[in-house]
Amino acid sequence: MGNSLKAVLAFVPSNKCQKYLLEDLEEMPVDKMVDLSGRQMRRLPVHICSFRELVKLYLSDNNLNHLPPELEQLQNLQILALDFNNFKALPLVVCTLKQLCILYLGNNKLCSLPLELRLLQNLKTLWIESNCLQYLPEVVCELSLLKTLHAGSNALRTLPAQLRCLQELRTIWLSGNLLSEFPPVLLDMPFLEVIDVDRNSIQFFPSLAHLPGLKLVIYDHNPCRNAPKVAKGVRRVGRWSEETPEPRKRSGAVIEITLEERPLLPPATKTEPE
């Protein structure tokens, strides 16, 4: 079916037309995965909700702004992708899927997240990048098993102190926000392995050398006056990342390295989140 025909049918609300967008999907696939990405759908056909053993459901890159209540039947669902749609609010039915481990909500129009999100206590990965969030919803801090949080490309200016409660959190991506200082709460999270604050407005970085779990810090494209100090073996991506943060010794004298003397290194390749 051509994309132009799909686009036309997507505007027709009848079950017959919406089911036609599913093409030959009549029974649940053997691999328990359904991928309906890029189908131009404006609503999810209820037929999908009859696949009660479904484990993975990909609905990325459609025109969805709501989900049917029947979605609650998918109690075995572990991965749900709702990114690149038109959601202004997270449908509460998503919060009934208590086996969810991975939830993709990026590139929508979300300004907040419902308190009911706390019901997803098995959630380990949450992607909320490229939305309209001006603050990180505190309910995220109640997801005790969360390991990866991608909140880049929003309008965040700070992070809640409660974030330190997420002791399973290992990776946090905050690039492209409005942070004017390095979030203090991250200094109290020794278990973090990856911190990305690329493309913010941070002017000064505190020392991160006391974070024993840290493996990578990305701080490029900030108007910073210094590179963050890190422990031996930690990779830094940003200005002066190859320079030692300590003074150099020459002929027994300590020579301070001013910002003007440090070479401007080309931006390193940014590591993408897993």
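Computed from a prediction, not measured in an experiment: that's the story for all the values here.

Trainee: Looking at this model, I keep getting lost on the overall build of the chain. Mind explaining?
Mentor: Within the chain, the secondary structure is distributed over two helices and 12 strands. Counting from the amino terminus, the chain carries its helices and strands in the arrangement α-α-β-β-β-β-β-β-β-β-β-β-β-β. Across the 274 residues that make up the chain, the buried fraction comes to 46%. Residue pairs at least 24 apart in sequence account for 26% of intrachain contacts in the chain once pairs closer than 6 positions are excluded. For the chain, the accessible area works out to roughly 13,800 Å², and carbon and sulfur atoms hold 51% of it.

Trainee: What should I look at first to understand the packing of aromatic side chains in this one?
Mentor: What describes a pair of aromatic rings is the distance from one ring centre to the other and the angle between the planes of the rings. Across all of its chains, the model carries three aromatic pairs by this definition. A ring pair is formed by Tyr-104 and Trp-127, whose centres lie 5.7 Å apart and whose planes are at 55°; its orientation type is tilted. One end of the pair, Tyr-104, is in strand β4 (residues 102–104); the other, Trp-127, is in strand β5 (residues 125–127), and 23 residues separate them in sequence. The partly exposed category is assigned to Tyr-104, whose relative accessible area is 23%. When its relative accessible area of 14% is taken as the criterion, Trp-127 is described as buried. Look at Phe-205 and Tyr-219: their rings are 5.4 Å apart centre to centre, the planes differ by 65°, and that puts the pair in the edge-to-face class. Highlighted residues: Phe-205 in the loop between β8 (194–196) and β9 (216–218) and Tyr-219 in the loop between β9 and β10 (235–237), separated in sequence by 14 residues. Taken together, Phe-182, Phe-205 and Tyr-219 form an aromatic cluster joined through their ring pairs.

Trainee: Is there a simple way to think about the sheet that holds strand β3 (residues 79–81) in this case?
Mentor: Within a sheet, each strand pairs with its neighbour through backbone hydrogen bonds, oriented either parallel or antiparallel. Ordered by their spatial adjacency, 10 strands build an open sheet running β1-β2-β3-β4-β5-β6-β7-β8-β9-β10, and the pairing between neighbours is parallel. What marks the edges here is a single partner per strand, and that holds for β1 (33–35) and β10. Across the sheet, the mean angle from the axis of one strand to that of its neighbour is 5°, orientation sign disregarded. As paired elements, β5 and strand β6 (residues 148–150) share three bridges and run parallel to each other. Its bridge partner being in β6, Trp-127 is matched across the sheet by His-150.

Trainee: How do you make sense of the side chain of Asn-200 when you look at a structure like this?
Mentor: Within the element layout of this structure, Asn-200 appears in the loop between β8 and β9. From its side chain, Asn-200 meets the backbone oxygen of Leu-174 in a polar contact 3.1 Å long. Within polar-contact distance, the side chain of Asn-200 engages the backbone oxygen of Asp-198 at 3.1 Å. With residues up to four places along the chain from it excluded, the contact list for Asn-200 reads Leu-174, Ser-175, Gly-176, Asn-177, Leu-178, Leu-179, His-221, Asn-222 and Pro-223.

Trainee: How should I be thinking about the side chain of Glu-129 in this particular structure?
Mentor: Tracing the backbone shows Glu-129 in the loop between β5 and β6. One buried charged side chain, Glu-129, makes no salt bridge at all; its nearest oppositely charged neighbour is Arg-199, positioned 11 Å away. Filtering out sequence-adjacent residues up to four positions away, Glu-129 remains in contact with Gly-106, Asn-107, His-150, Ala-151, Gly-152 and Asn-154.

Trainee: Where do I start with the pattern of salt bridges in this structure?
Mentor: Under the definition given, this model contains four salt bridges. For the salt bridge of Arg-164 with Asp-188, the shortest nitrogen-to-oxygen distance reads 2.8 Å. Within this pair, whereas Arg-164 is found in the loop between β6 and β7 (171–173), its partner Asp-188 is found in the loop between β7 and β8, the two being separated by 24 residues in sequence.

Scoring rules and cut-offs
Sequence order as written defines the numbering, with residues in each chain counted from 1. Confidence filtering applies because this is a predicted model: local features only for residues at pLDDT of at least 70, side-chain atom pairs given and counted only at 80 or more, and all residues used for totals across whole chains, interfaces and linings. Side-chain measures here rest on the full set of heavy atoms in the structure, leaving out hydrogens and waters. Working definition: helices are DSSP H or I runs of at least four residues, strands are E runs of at least two. Numbering for both runs from the N terminus. For the exposure calls, accessible area comes from a 1.4 Å probe over protein chains only, and a residue counts as buried if that area is under 20% of its type's maximum, exposed if over 50%, partly exposed in between. Contacts are residue-level and defined by heavy atoms, with any inter-residue pair within 4.5 Å sufficient. Areas reported as accessible are Shrake-Rupley estimates using a 1.4 Å probe. Residue values count occlusion only from the protein chains shown. We call Phe, Tyr and Trp rings a pair once their centres come within 6.5 Å, taking the six-membered ring for Trp, and we label the pair stacked below 30 degrees between planes, edge-to-face above 60, and tilted otherwise. Pairing between two strands is assigned when DSSP locates at least 2 bridges connecting them. Every axis corresponds to a line fitted to the C-alpha atoms, with the helix fit spanning only the stretch in contact, and the corresponding angles, defined between N-to-C directions, vary from 0 to 180 degrees. For the purposes of these results, a polar contact is taken to be a pair of N or O atoms within 3.5 Å, where, inside protein, one atom must be able to donate a hydrogen and its partner to accept one; residues adjacent in sequence count only when each atom of the pair is a side-chain atom. Counted charges follow a simple rule, with Lys and Arg positive, Asp and Glu negative, and His plus the chain ends left uncounted. Any Lys or Arg side-chain nitrogen found within 4 Å of a carboxyl oxygen on Asp or Glu counts as a salt bridge.

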